[in-house]
Amino acid sequence: PVLFAGCSVGLPKREPPGLLVGLLNSQTGPMAISSTSLRDIELHAFEQINAAGGILGRRIDPRAPDPRSRPDLFAKRARELLDKGAVALFGCWTSTSRKAVLPLVEEFKKLLFYPVQYEGNESSRYVVYGGTLPNQQIFPTLDWMTSAAGGSRKRIFLVGSDYVFPRTANLIAKKYLATKGLKSAGEAYVELGDRDFTAVVKKVLASGA
């Protein structure tokens, strides 16, 4: 027998474990039209990072289950990913889905990167809010519409899907209009994914907005 001391012969180099990240972007349901492209660009970004050597020599291992535009499935998929050791989550387009996932990232002390605009009135050390707020998006729009350049509009009708962001954003818009001595001409909400706006258009026309 031959004893090789103090050396290794032909042992393969071990790759460090990958960094598991979760992508919570709906690929079916009413939010798929927006969320699928966001998932694709996130995957593309991770491919580029991995091609450049990863993060501190570790590859990113993205997992993208389909929450199907359902808040209950966002929470379920998030827990599954966090149980498997995900170091961060990306996505949750709607405020409703974000609020469903928020208790989980706080429980596991992991980050959620939320990339789109939101209504404010929420802050968590475990969420990176990447989008605009009403004072950055809605207020400038109302300023322009009520200015001479925007036609000096006085009757503004507020429309939205029936969930957290539109209702809260419109509440903030009404309060901002009040600072200009104006009231909204009306409000209307439809179910998320509804394509029939006939009744809403009739309300807008009847309001004179």
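Analysis parameters
Residues numbered from 1 in each chain as written. Predicted model: local features only at pLDDT ≥ 70, side-chain atom pairs only at ≥ 80, totals over all residues. Heavy atoms only, no water. Helix = DSSP H or I, 4+ residues; strand = E, 2+ residues; numbered from the N terminus. Rg over C-alpha atoms; globule rule 2.2 N^0.38 Å. Buried < 20%, exposed > 50% of the residue type's maximum accessible area, 1.4 Å probe, protein only. Contact = heavy atoms within 4.5 Å. Lys, Arg positive; Asp, Glu negative; His and termini not counted. Charge placed at Lys NZ, Arg CZ, Asp CG, Glu CD. Core = buried A, V, L, I, M, F, W, Y, C linked by side-chain atoms within 4.5 Å. Salt bridge = Lys/Arg side-chain N within 4 Å of Asp/Glu carboxyl O. Polar contact = N/O pair within 3.5 Å; in protein donor to acceptor, adjacent residues only side chain to side chain. Axes fitted to C-alpha atoms, helices over the stretch in contact; angles between N-to-C directions. Parallel < 35°, antiparallel > 145°, perpendicular 65-115°, else oblique. Left-handed = near helix turned anticlockwise from the far one by under 90°. Nonpolar A, V, L, I, M, F, W, Y, C, P; charged D, E, K, R; others polar. Phe/Tyr/Trp six-rings, centres within 6.5 Å; stacked < 30°, edge-to-face > 60°. Lys NZ or Arg CZ within 6 Å of the ring centre and 35° of its normal.

Asks: Is there a simple way to think about the overall build of the chain in this case?
Replies: Along the backbone of the chain there are six helices and seven strands. Relative to its length of 209 residues, the chain is extended, with a C-alpha radius of gyration of 24 Å against a globular reference of 17 Å. Over its C-alpha atoms, taken along the principal directions, the chain stretches across nearly 95 × 30 × 30 Å. Here the chain holds 209 residues, and the buried ones make up 36% of them. Nonlocal contacts in the chain, meaning residues at least 24 apart in sequence, comprise 57% of its contacts between residues at least 6 apart. Here the chain carries 28 positive and 19 negative side-chain charges, and the mean point of each set is 4 Å from the other.

Asks: Explanation requested: the nonpolar core in the structure shown.
Replies: In summary, soluble globular proteins display a tendency toward joint burial of nonpolar side chains. In terms of nonpolar packing, the biggest core is built from 19 residues, with Leu-24, Leu-89, Cys-92, Val-101, Val-105 and Leu-112 touching the most fellow members. Those elements that provide at least two residues to this core are strand S1 (19–24), helix H2 (71–83), helix H3 (95–108) and strand S4 (111–114). When sequence neighbours within four positions are dropped, the list of residues in contact with Cys-92 reads Leu-24, Asn-25, Phe-74, Ser-97, Arg-98, Val-101, Leu-112 and Tyr-114. Core analysis: the next-biggest nonpolar cluster, separate from the first, contains 13 residues, Ile-156, Phe-165, Tyr-176 and Leu-182 among them.

Asks: Is there a simple way to think about the side chain of Glu-42 in this case?
Replies: Along the chain, the position of Glu-42 falls in helix H1 (residues 32–51). Buried charge without a salt bridge: Glu-42, with Arg-39 as the nearest opposite-charge side chain at an N-O distance of 7.4 Å. Polar side-chain contacts of Glu-42 include one of 2.7 Å to the side chain of Asn-25. Excluding its chain neighbours within four sequence positions, the residues that come into contact with Glu-42 are Leu-23, Asn-25, Phe-90 and Gly-91.

Asks: Whenever I open this one, the packing of H2 against H3 confuses me. Can you help?
Replies: Each pair of packed helices can be described by the angle between their axes along with the distance between the axes. At a closest axis distance of 8 Å, the pairing of H2 and H3 adopts a crossing angle of 25 degrees. The angle between H2 and H3 falls in the class roughly parallel. For the pair H2 and H3, the sense of crossing is right-handed. Seen from H2, the contacting residues are Pro-71, Phe-74, Ala-75, Ala-78, Arg-79, Leu-82 and Asp-83; seen from H3, they are Thr-96, Ser-97, Ala-100, Val-101, Leu-104, Val-105, Glu-107 and Phe-108. Looking at side-chain class alone, the contact of H2 with H3 contains 10 nonpolar, two polar and three charged residues.

Asks: I'm lost on the pattern of salt bridges in this one. Help?
Replies: Note that side chains of opposite charge can pair when their charged atoms are close. In this structure the tally under the stated criterion is 11 salt bridges. When the shortest N-O distance is used, the salt bridge between Lys-99 and Glu-122 registers 2.8 Å. Taken together, the positions of Lys-99 in helix H3 and Glu-122 in the loop between S4 and strand S5 (127–129) put the pair 23 residues apart, joining distant regions of the chain. Across the pair Glu-187 and Lys-174 runs a salt bridge, and its minimum N-O distance is 2.6 Å. In this pair, Glu-187 sits in strand S7 (residues 186–190) while Lys-174 sits in helix H5 (residues 164–179), placing the two residues 13 residues apart along the sequence. You can call Glu-187 partly exposed: its relative accessible area is 30%. Here the residues in one salt-bridge network are Arg-98, Lys-99, Glu-119 and Glu-122, joined through shared partners.

Asks: Help me out: how do you make sense of the packing of aromatic side chains in this one?
Replies: Between two aromatic rings, the relevant description is the distance of the centres plus the angle of the planes. In this structure the tally under the stated criterion is five aromatic pairs. Ring plane angle 10 degrees and centroid distance 4.7 Å describe the contact between Phe-90 and Phe-113, whose orientation is recorded as stacked. Taken together, the residues Phe-90 in strand S3 (residues 88–91) and Phe-113 in strand S4 connect sequence positions 23 residues apart. Each ring, one from Phe-139 and one from Tyr-176, has its centre 3.9 Å from the other, and the planes form 5 degrees; the classification is stacked. Taken together, the residues Phe-139 in helix H4 (residues 134–145) and Tyr-176 in helix H5 connect sequence positions 37 residues apart. The pair Phe-139 / Tyr-176 is uniform in exposure class, with both members buried. Three or more aromatic residues joined by ring pairs make a cluster, and in this case those are Phe-46, Phe-90 and Phe-113. Arg-167 extends its terminal NZ or CZ atom over the ring of Tyr-189, reaching a point 3.9 Å from the ring centre.

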